[in-house]
Amino acid sequence: MIEIVAGIMLLTIGVLGYAAVTAKLARAFFHNAQRERSADLISAQREILLRQGCERSASGTDNRFELGLQWNVGSRQGGARPLVIATNRPGPVARAHDSLHTLVPCK
């Protein structure tokens, strides 16, 4: 009888441990997917702005996938215009901020 109770207790502890690890892994996969989506959006917006060129690039915002994509194109400085593209996404503890600082070349 004691062996059965001990076995059930060990099984219960094992199941609870498995559930906790599974929940942590699921949360990590979710945050990793959000980080990758954020990077993809920043990269795609960078390509769009580079294709538009120096004179047609303008600042703006977009809220695809609830990531709060924002880009700011600065004034011309020599042969380029500064560009900052940023997103806000859910992080493990608080909102996370990803950004890219680059230049849009002018010809």
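Residues numbered from 1 in each chain as written. Predicted model: local features only at pLDDT ≥ 70, side-chain atom pairs only at ≥ 80, totals over all residues. Heavy atoms only, no water.

Novice: Would you mind going over the overall build of the chain with me for this structure?
Specialist: Along its length, the chain carries 1 helix and 4 strands. Secondary structure of the chain in N-to-C order comes out as α-β-β-β-β. The globule rule puts the C-alpha radius of gyration for 107 residues at 13 Å, and the 23 Å found for the chain is more than 25% above it. Considering only C-alpha atoms, the chain reaches an extent of 85 × 20 × 20 Å along its principal axes. Look at the contacts in the chain between residues 6 or more apart in sequence, and 41% of them connect residues 24 or more apart. Element-wise, carbon and sulfur atoms account for 63% of the exposed surface of the chain, whose accessible area totals about 7600 Å². For the chain, the distance from the average site of its 13 positive side-chain charges to the average site of its 8 negative ones is 8 Å. (Helix = DSSP H or I, 4+ residues; strand = E, 2+ residues; numbered from the N terminus. Rg over C-alpha atoms; globule rule 2.2 N^0.38 Å. Contact = heavy atoms within 4.5 Å. Areas by Shrake-Rupley, 256 points an atom, 1.4 Å probe, with all protein chains shown as cover. Lys, Arg positive; Asp, Glu negative; His and termini not counted. Charge placed at Lys NZ, Arg CZ, Asp CG, Glu CD.)

Novice: Would you mind showing me how to read the state of the cysteines here?
Specialist: Cysteine pairs can be linked by a disulfide, which is a covalent bond between their two sulfur atoms. Per the stated rule, a full pass over the model turns up 1 disulfide. Two residues, Cys 54 and Cys 106, share a disulfide whose sulfurs are 1.8 Å apart. Looking down the S-S bond of the Cys 54 and Cys 106 bridge, the torsion is 55 degrees, so its handedness is right-handed. Of this pair, Cys 54 sits in helix 1 (residues 2-56) while Cys 106 sits in the segment after strand 4 (95-105), and the two are 52 residues apart along the sequence. Comparing Cys 54 with Cys 106 shows no difference in burial state: the two are buried. (Disulfide = S-S within 2.5 Å. Buried < 20%, exposed > 50% of the residue type's maximum accessible area, 1.4 Å probe, protein only.)

Novice: Help me out: how do you make sense of the sheet that holds strand 3 (residues 80-90) in this one?
Specialist: What holds strands together in a sheet is hydrogen bonding between their backbones, with the strands either parallel or antiparallel. The 4 strands lie next to each other as 1-2-3-4, forming an open sheet whose pairing is antiparallel. One side of each edge strand has no neighbouring strand; the edge strands of this open sheet are strand 1 (60-62) and strand 4. Ignoring strand direction, the axes of neighbouring strands in this sheet form an average angle of 15 degrees. Pairing of strand 1 with strand 2 (residues 69-73) involves 3 bridges; the strand directions are antiparallel. (Pairing = 2+ DSSP bridges. Axes fitted to C-alpha atoms, helices over the stretch in contact; angles between N-to-C directions.)

Novice: Just to check I follow, could you spell out the pairing of strand 4 for this structure?
Specialist: Consecutive side chains along a regular strand alternate between the two faces of the sheet. In the sheet, strand 3 pairs with strand 4 via 11 bridges, with the strands oriented antiparallel. Along strand 4, the bridge assignment pairs Pro 90 with Arg 95.

Novice: Help me understand the side chain of Gln 45, please; the structure alone is not making it clear to me.
Specialist: With respect to the helices and strands, the residue Gln 45 is situated in helix 1. Leave out the neighbours within four places in its chain, and Gln 45 touches Arg 64, Leu 69, Trp 71 and Ile 85.

Novice: Quick question: what am I supposed to make of the nonpolar core here?
Specialist: Counting residues in each nonpolar core, the largest one holds 10 residues, listed as Ile 42, Leu 49, Cys 54, Leu 69, Trp 71, Val 73, Leu 83, Ile 85, Val 104 and Cys 106. Secondary-structure elements contributing two or more residues to this core are helix 1, strand 2 and strand 3. Dropping the residues within four chain positions of it, Cys 106 is found in contact with Cys 54, Arg 76, Gly 79, Ala 80 and Arg 81. (Core = buried A, V, L, I, M, F, W, Y, C linked by side-chain atoms within 4.5 Å.)

Any functional reading would require information that these geometric values do not contain.
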